[in-house]
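# A structural walkthrough
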Amino acid sequence: MYDFIKDPSIYNFVRGPLVWIAFLVFIGGSIYKIREMVLLAKKEKVVYPYMDLKLSLRSLLHWLIPFNSRNWRLRPVVTTVTFLFHIGLVILPVFLLAHNVLIYESWGISWWTLSEGLSDIMAMIVIGCCIFFALRRIFAPEVRFVTFADDYLILAIAFLPFITGFLAYHQWLLPHKIMVILHMIFGSLMLITIPFTRLGHMLYFFLTRAYMGSDQGYRHSKDW
Amino acid sequence: MAEVSVKEGVETRDWIELKRKPVADIGFDETVKNLTTEKIEKVVNAVLNIGKNAARFMAPLETCIHCALCSTACHWYLSHDKDPTYAPVAKVKMTLWELIKRKGKVSPEFMKQVARIVFCECNLCRRCSMYCPFGLDIAYQLGMVRRICFILGLVPQNILDQTHSLSATLNQLWLTQGDWIDTMQWQEEEVRAEIKNVRIPIDKEGADVMWCPLGTEPKVATYHIARTAKIMNVAGIDWTVSAQDGWDSANMGMFIRDMETMQRVVRGIYDNAMRLKIKRVVLTE
């Protein structure tokens with residue numbers, strides 16, 4: 001197995017074509033899913049007439065600010081963990097130094113990056129948040145009752161790229177190169193699964209929030 | 001599904017957390033005897049096929065991350081010592097997700113339990129949508145399950161009877177047109193004991209306001225009519241009530257998702273408003 005993974009062709013594959021496939025599936029799949037849902041909403045008589053840009057943005061912004069909505073205030077721990085987790089999940093891969101170096105080597109472009117120490121802390125926070133979510137699924141009765149196997153699966157899909165990236169950076173557990181290969185495989189896996197699993201809540205968040213914000217705002221009510 | 005004995009004091013064993021004492025309701029207990037798995041499967045799939053073409057139905061199904069943050073919104077959940085089976089997402093899990101998972105192939109007993117959850121343990125108040133980080137319309141989903149139950153006839157007897165009344169008479173409590181006009185004239189006399197020459201104008205064309213009471217007001221709470229008449233007269237509002245059917249603003253069809261009766265009730269009010277050329281409809285609530 002080790003010899004198989006250490007084979008340069010595997011590294012070349014995950015470093016090149018796999019990443020391309022992952023990004024194409026992620027971007028193409030996302031556009032497809034959003035388009036499908038928007039077209040579906042157009043067919044319904046009562047969705048489009050209520051949609052309002054101002055009310056949608058009002059609702060979106062309101063819910064994207066921590067402790068702004070009543071439910072965020074009612075559950076301070078969950079709120080803190082949720083926001084830290086999602087901020088890390090989006091910011092860290094985009095502004096990580098190592099990722100920027102790879103892009104610079106390929107295309108000669110790079111952008112603002114996080115310091116290595118901060119990245120390390122953020123990775124640990126994301127990993128910790130994943131563990132918190134798993135524990136919450138096990139120990140909070142209302143969450144346990146609605147937990148299915150696929151809930152753990154999508155949590156694992158989000159968890160694996162970060163834990164392998166973290167271990168690769170510290171060169172713990174497995175040889176560096178193997179860990180990096182695993183990291184790239186899991187990262188690609190996550191990108192590919194986003195449009196086609198419930199990780200797609202990343203895409204639909206903006207649509208469902210906009211609908212509920214417009215629907216409530218239309219009645220001069222608030223949805224927070 | 002395992003057989004459940006009455007001795008245990010629970011109605012179901014589909015989920016060990018779901019503990020409910022059996023409650024008798026003719027609407028559930030009698031209709032469930034006429035159901036078969038084939039009938040249920042047919043109805044469930046027919047309604048879910050409509051759902052597949054509705055974004056409001058599909059988006060929550062594909063978005064819900066099962067975080068159970070909606071639970072704190074639900075007064076059923078809070079008033080039952082945070083029993084997880086009363087959380088909004090749990091109600092969706094025990095009804096809609098299970099029907100989808102089993103493709104509608106469920107026993108009549110299971111369907112009775114579903115009807116009890118959607119009719120008797122949820123008010124479709126949409127408060128959970130205010131607490132959901134995604135703003136998912138959970139009440140709409142449970143409303144679809146109510147629609148399935150309604151088509152199967154699994155509806156609490158009280159509300160089903162009122163819907164039957166609406167579909168036959170366009171009012172909630174089997175009042176005839178004579179009852180209605182007579183009650184208004186009687187109340188006019190009553191108010192005249194306090195305010196001289198007061199009027200409850202019936203079918204006045206071109207009035208500013210048409211008042212649509214609930215069926216209960218002429219039936220059992222006539223003093224509401226007297227009070228409304230006093231308020232309207234003292235405030236000097238040019239008002240009227242409709243003499244023809246379609247004066248009742250109670251819409252029980254909406255609650256059980258009897259869309260056909262629901263739209264007839266609304267149409268009745270609008271038709272009267274157009275007929276009398278009034279500017280504004282005022283409903284009791």
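The structure under discussion appears in the preceding block.
For clarity, every value in this text was computed on a predicted model and none was experimentally measured. (Residues numbered from 1 in each chain as written. Chains lettered and ligands numbered in written order. Predicted model: local features only at pLDDT ≥ 70, side-chain atom pairs only at ≥ 80, totals over all residues. Heavy atoms only, no water.)

This paragraph deals with the nonpolar core. Residues and elements named next belong to chain B. Counting 113 residues, the largest nonpolar core has Phe 57, Met 111 and Cys 149 as its most contacted members. If one sorts the elements of this core by residue count, helix α8 (residues 138-152) sits on top with 10 residues. With residues near it in sequence (within four places) discarded, Phe 57 still touches Leu 48, Gly 51, Lys 52, Leu 96, Tyr 140, Gln 141 and Met 144. In this structure, Val 198, Ile 200, Val 241 and Trp 247 belong to the second largest nonpolar core, which totals 15 residues. (Core = buried A, V, L, I, M, F, W, Y, C linked by side-chain atoms within 4.5 Å. Buried < 20%, exposed > 50% of the residue type's maximum accessible area, 1.4 Å probe, protein only. Helix = DSSP H or I, 4+ residues; strand = E, 2+ residues; numbered from the N terminus. Contact = heavy atoms within 4.5 Å.)

As a further point, take empty space enclosed by the protein. Residue and element names in this part refer to chain B. Summed over all chains, the structure comprises three cavities of 30 Å³ or more. One number sums up the size of the largest cavity: a volume of about 170 Å³. Cys 64, Val 89, Cys 132, Leu 136 and Ile 138 are the residues nearest the centre of the largest cavity, which is lined by 17 residues in total. Of all elements in the fold, only α5 (88-101) and α8 reach the threshold of two or more residues within the lining of the largest cavity. The element best represented in the lining of the largest cavity is α5, accounting for three residues. Here the lining of the largest cavity is composed, by residue class, of 15 nonpolar, two polar and no charged. Quantified by volume, the second largest cavity comes out at close to 100 Å³. Those elements that place two or more of their residues in the lining of the second largest cavity are α4 (75-79), α5, α7 (127-131) and α8. Here the residues of the lining of the second largest cavity are counted per class, giving 10 nonpolar, two polar and three charged. (1 Å grid on protein atoms, 1.4 Å probe; cavity = no way out; pocket = protein on both sides within 12 Å on 5 of 7 lines; lining within 4 Å. Points joined across faces, edges and corners; volume = space filled by probe spheres on them. Nonpolar A, V, L, I, M, F, W, Y, C, P; charged D, E, K, R; others polar.)

Contact residues are listed per partner, giving 39 residues for chain A and 39 residues for chain B. The junction of chain A with chain B conceals about 3,400 Å² of combined surface from both sides, 62% of it contributed by carbon and sulfur atoms. A salt bridge links Arg 56 of chain B to Glu 44 of chain A; the nearest nitrogen and oxygen atoms lie 3.1 Å apart. Where chain A packs against chain B, one counts 20 residue pairs in polar contact (both at pLDDT 80 or more). Put simply, the parts of the chain that give the side of chain A that touches chain B at least two residues each are α3 (17-43), α5 (70-74), α8 (116-139), α9 (141-145), α10 (149-170) and α12 (201-218) of chain A. It is α12 of chain A that contributes the most residues to the side of chain A that touches chain B, nine residues altogether. Class assignment of the residues belonging to the side of chain A that touches chain B gives a composition of 20 nonpolar, four polar and 15 charged. (Buried area = accessible area lost by both parts, 1.4 Å probe. Salt bridge = Lys/Arg side-chain N within 4 Å of Asp/Glu carboxyl O. Polar contact = N/O pair within 3.5 Å; in protein donor to acceptor, adjacent residues only side chain to side chain.)

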